[in-house]
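Residue-level structure breakdown
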Amino acid sequence: MNLLKSWVAVGVAIAAAACLGAGGVSAQDGAKAEVRIGTEGAYKPWASMEASGELVGFDIDLAKAVCEEMHRSCRFGTQPWEGLIPALEQGKYDILIGGISITPQRAKRLLFTQSYGNLPINVAARKGEGLNGAKTWPDLKSALKGKAVGVQSGTQSQKFVDAELGGDVTVRLYDNQDSLNLDLLAGRVDAAVAGRSPWVDLVRSANGRDVEILSPDLTFKDFPYLGVGVGGLLRKNEQPLQDDWDKALCVLKRKGVVTQISQKWLGFDIATAPDPDRCREAG
């Protein structure tokens, strides 16, 4: 996927401190700098580009709500996943969003906001593959042996495949979820691994009627390296923005906004509880 060079503006006005409501996040005197938000733009239902050029998804709606709560002007930029973290570190973006798993490895060199959602990884396959009888991961792993399994490169799902299936399956890597979906539908892979959300989106579509999400759910409880949920990713020197973003998330979680956005885009609630440490001062 080519780099989409244009920025997508978000019409969130910058408010003066005197105009803030009692429930909002406090702002300093004067305007704060615009927040540059980076995302892949090809990962439904988190963040994807419509044919019209509009960027939509769970993380897009949530980021707009956060920016409004912070009284900050924000704009989005998109590019392939493999270049996003380097672009963040080089200063092109202030924060990354888009279903990004919070992991100890990433947290060593970067900052995360508090988690705002948590959902499992799942294996998906066409119904005719005969893989739907497994109830446990050992059973499913055995059924996958010798199969061709697709996964998006550079993701937690690839980390899972490498750790749990390496040597037992033929792994095929993809640059984005859309390409993975196409090969799964066409039968060029026998099964595919991703976070649950893109599979929910696929099986709801007309093209995905013959695809099923397989049991079991693969979560942090059984595979700690998968992380404790998704969050925004920032550079280490962006502590003030991390604090503002977290305070806004605390308010939005308590108001039920994260749950509402989750229901809209996923059909179920993935919202995590307000982090007690980060939300203590958020009101």
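Relevant structure appears above.
A brief report on the enclosed structure follows. (Residues numbered from 1 in each chain as written. Predicted model: local features only at pLDDT ≥ 70, side-chain atom pairs only at ≥ 80, totals over all residues. Heavy atoms only, no water.)

Here's the deal with the sheet that holds strand β5 (residues 55-56)
- With respect to topology, 3 strands assemble into an open sheet ordered β3-β4-β5, the strand pairing being antiparallel. Of all the strands in the sheet, the pair left with one neighbour each is β3 (42-43) and β5. (Pairing = 2+ DSSP bridges. Helix = DSSP H or I, 4+ residues; strand = E, 2+ residues; numbered from the N terminus.)

Overview of the sheet that holds strand β13 (residues 211-213)
- Strand order in the open sheet formed by 5 strands is β11-β10-β12-β9-β13, and the pairing between neighbours is mixed. Across the chains shown, the open sheet's two edge strands, defined by having one partner strand only, are β11 (170-174) and β13. Taking each pair of neighbouring strands and ignoring which way they run, the sheet shows an average axis angle of 30 degrees.
- Where strand β9 (residues 121-126) meets strand β12 (residues 191-195), 5 bridges bridge the pair, whose relative direction is antiparallel. Counted as the bridge partner of alanine 124 is alanine 192 from β12.
- Against the sheet, helix α5 (residues 156-165) engages β9, β10 (148-152), β11 and β12, with an angle of about 130 degrees to β12. (Axes fitted to C-alpha atoms, helices over the stretch in contact; angles between N-to-C directions. Contact = heavy atoms within 4.5 Å.)

Overview of the pattern of salt bridges
- Counting across every chain of the model gives 13 salt bridges.
- For glutamate 238, the salt bridge is made with arginine 235, and the minimal N-O distance between the two is 3.0 Å. We note that glutamate 238, like arginine 235, is buried.
- Between arginine 278 and aspartate 246 there is a salt bridge whose closest N-O contact spans 2.7 Å. Taken as a pair, arginine 278 in the segment after α9 (257-266) and aspartate 246 in helix α8 (residues 239-255) lie far apart in primary sequence, 32 residues in all.
- Through salt bridges with shared partners, one network takes in Arg36, Asp94, Arg235 and Glu238. (Salt bridge = Lys/Arg side-chain N within 4 Å of Asp/Glu carboxyl O. Buried < 20%, exposed > 50% of the residue type's maximum accessible area, 1.4 Å probe, protein only.)

What to know about the packing of helix α4 (residues 137-144) against α5
- At a minimum axis distance of 12 Å, the contact between α4 and α5 shows a crossing angle of 85 degrees. Put simply, α4 runs roughly perpendicular to α5. From α4, Trp137, Lys141 and Leu144 reach across to α5, where they touch Phe160, Glu164 and Leu165.
- Considering only residue class, the contact of α4 with α5 consists of 4 nonpolar, no polar and 2 charged. (Parallel < 35°, antiparallel > 145°, perpendicular 65-115°, else oblique. Nonpolar A, V, L, I, M, F, W, Y, C, P; charged D, E, K, R; others polar.)

Digging into the nonpolar core
- Counting residues in each nonpolar core, the largest one holds 32 residues, and the members touching the most others are Val35, Ile37, Phe58, Leu62, Val66, Ile97 and Trp245.
- Listing elements by their share of this core, those giving two or more residues are β2 (35-39), α1 (58-70), β6 (74-78), α8 and α9.
- With residues up to four places along the chain from it excluded, the contact list for leucine 62 reads Tyr116, Leu249, Leu252, Val258 and Ile261.
- Leu144, Val169, Leu218 and Leu226 belong to the second largest nonpolar core, which has 20 residues in total. (Core = buried A, V, L, I, M, F, W, Y, C linked by side-chain atoms within 4.5 Å.)

Overview of α1
- Between its first and last C-alpha, α1 extends 18 Å over 13 residues, near the 18 Å set by a 1.5 Å rise per residue.
- The element α1 is extensively covered by neighbouring structure, given that 10 of its 13 residues are classed as buried.
- Listing the buried residues of α1 in full gives Phe58, Asp59, Ile60, Leu62, Ala63, Ala65, Val66, Cys67, Glu69 and Met70.
- Buried-residue contacts for α1 involve β2, β4 (47-49), β5, β6, α8 and α9. (Expected span 1.5 Å × (residues − 1).)

Here we look at the packing of aromatic side chains
- Following the criterion strictly, the structure yields 5 aromatic pairs and no others.
- For the ring pair phenylalanine 160 and phenylalanine 223, a centre distance of 5.0 Å and an interplane angle of 90 degrees mean the geometry is edge-to-face. On the criterion of sequence distance, the pair formed by phenylalanine 160 in helix α5 and phenylalanine 223 in the loop between β13 and β14 (233-234) is long-range, its members being 63 residues apart. As far as the burial class goes, phenylalanine 160 and phenylalanine 223 line up, both buried.
- With 6.4 Å between their ring centres and 65 degrees between their planes, phenylalanine 223 and tyrosine 225 make a pair best called edge-to-face.
- Residue classification places tyrosine 225 among the partly exposed residues on the basis of a relative accessible area of 25%. (Phe/Tyr/Trp six-rings, centres within 6.5 Å; stacked < 30°, edge-to-face > 60°.)

Honestly, that's just the spatial picture; any functional story needs more than this.
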